Structure formats: C-alpha cells, structure tokens
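Inside the fold
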Amino acid sequence: LANRVQWLMERLDSDDADLAREEIERSEAAHVARTQHNFGVDLLDPLLYDLTLNTGRVSVESCVEQVVALSKRPEFQTARELGEQLLRLGQHASDPTLVVQAHWVLGFTLLFMGAFTPARAHLEQVMALYDPQHHRSHTLLYAQDPGPSALSYAALALWYLGYPDQALQRGQQAVTLAQELSHPMTLAFALGGVAEIYQFRREVQRTQERTEVLLTL
C-alpha cells in the first residue's frame, strides 16, 4: 500500500499521504463490492488472475519484459489464426454479421498481442461495417454490442500508438453510442473504457466521474 500511496501522490502532485491512502482504499472497496455483487467473486483473490506482479519487489522494466513474453505465447497466435479463419469464412459466405465479428476478434486479439496498428485497422473496419439495428443480436450472443466495444478497444490502440486526443474521442464516441443503444452491459463497458483513457491522461476528476456513473448501473 505504501508504494501505491507514493505513486498516487506523485500523479496528483500532492504531499497529502492520508488523502492518497483514503482514495486508494475508497476506490478498491468500490471495485471489490461491485465485483462481488455482479459476479459473486472476490476481486482480491490472486487465483482469479493469470499473472500478478508486485512492482514494489520487481522493477517496472522486468514486469514489462514478462508481459511482452506472455503476449508472444503460442495461444495468442492460435487465436489470431482462428480469427483470420473466421474472417475468410464470413467473406466467403458473404455474411456481414460474421465478418464484423471476425474483425472484432482480430482487433481484440492483436491489441493484446501489442500489434496496435493492425488491431486499430480491424477495429475501425468493425465501425465501417457496423449497423446498430442489424447487429443488435450480438448483445444476445456476446453480452455486448460490437460497435461501442470496438470503439473502446480502438481508443486503447490509439493511446498506445501515441494519439491521446483521438483515443479520448473514440472513447467518448463509445459512450454516446452505448447510451443510444440503451444496453446496460455495453454502456458499462464503454464507461469503463473511457474512464481508463481519462486515467491514462491523469484527469482524475473525470476518471472519478465516469467511474461513479458506472457504479450506478
């Protein structure tokens, strides 16, 4: 906790350790309560995670190396190949719904492989083909609408590519579209996505505002 307090004080440009500690504890309690309420699991259970790293004991550089190594595991390449196969099937069958989902899968997979440029291209292709009415059935199959979620992932890709303003724009578009669709799960995902972009931008107040809206859903 001491390391997290110091980190937050630096980010807030503050010397108030008590304020930083209270904010961390408040935020953590809210996340734990929401996860327990929605999914019946303890957010602090380390068994829920594929990897946990303590930057108080391991350098940031070492953590980055471990994450990069994990992104190169064969499972990711298999996922990419399956996404490409899905895209070929959709194109061969002239099935626009399948093509949209294939681009979404490839965008998602490539994003977490660190291939941000092709990930962005696939996610933008989702939006080029996306029809809110035609693809509404995706909420039944995948629990969220592909449009706002593609915009949210595109926002992350843009951030990592060094376009913070475009990233924020995409994140805000995701929220607007999700609100128009009136689908709670999709809206929750979009709000979480744009809150993450605000957090990256160190805009604390706006991060908190989106998070508080998210907690009301």
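What this report covers is the structure whose coordinates are included nearby.

Cut-offs and rules
Residues numbered from 1 in each chain as written. Predicted model: local features only at pLDDT ≥ 70, side-chain atom pairs only at ≥ 80, totals over all residues. Heavy atoms only, no water. Helix = DSSP H or I, 4+ residues; strand = E, 2+ residues; numbered from the N terminus. Axes fitted to C-alpha atoms, helices over the stretch in contact; angles between N-to-C directions. Parallel < 35°, antiparallel > 145°, perpendicular 65-115°, else oblique. Left-handed = near helix turned anticlockwise from the far one by under 90°. Contact = heavy atoms within 4.5 Å. Nonpolar A, V, L, I, M, F, W, Y, C, P; charged D, E, K, R; others polar. Polar contact = N/O pair within 3.5 Å; in protein donor to acceptor, adjacent residues only side chain to side chain. Phe/Tyr/Trp six-rings, centres within 6.5 Å; stacked < 30°, edge-to-face > 60°. Buried < 20%, exposed > 50% of the residue type's maximum accessible area, 1.4 Å probe, protein only.

1. With respect to unusual backbone geometry
Look at S182: it is not a glycine, yet its phi comes out positive at around 55°. Summarising the element assignment, S182 is placed in the loop between helix 9 (164-181) and helix 10 (184-200). One non-glycine residue, R202, lies in the positive phi region at around 65°. Position of R202 among the secondary structure elements: in the loop between helix 10 and helix 11 (204-216).

2. Notes on the packing of helix 10 against helix 11
It is the contact of helix 10 with helix 11, at a shortest axis distance of 8 Å, that shows an interaxial angle of 165°. When the axis of helix 10 is compared with that of helix 11, the two are roughly antiparallel. Crossing of helix 10 against helix 11: the hand is left-handed. Here A188, L191, G192, V194, A195, Y198 and Q199 of helix 10 lie close against helix 11, whose contacting residues are R206, T207, R210, T211, V213 and L214. In the contact of helix 10 with helix 11, the residues fall into seven nonpolar, four polar and two charged.

3. Details of the environment of E203
Mapped onto the elements, E203 comes out in the loop between helix 10 and helix 11. Along the primary structure E203 and L12 are separated by 191 residues, whereas in three dimensions their C-alpha atoms are 9.4 Å apart. Of the polar contacts made by the side chain of E203, one reaches the side chain of R201; its length is 2.6 Å.

4. Notes on the packing of aromatic side chains
Summed over the entire model, instances satisfying the criterion amount to nine aromatic pairs. The interplanar angle of 65° and the centroid separation of 5.3 Å between the aromatic rings of Y153 and F189 together place this pair among those described as edge-to-face. With Y153 in helix 8 (residues 146-160) and F189 in helix 10, this residue pair connects regions lying 36 residues apart in the sequence. The class for F189 is partly exposed, based on a relative accessible area of 27%. Here the aromatic residues W104, F108, F112, Y153 and F189 are joined through ring pairs into a cluster of three or more.

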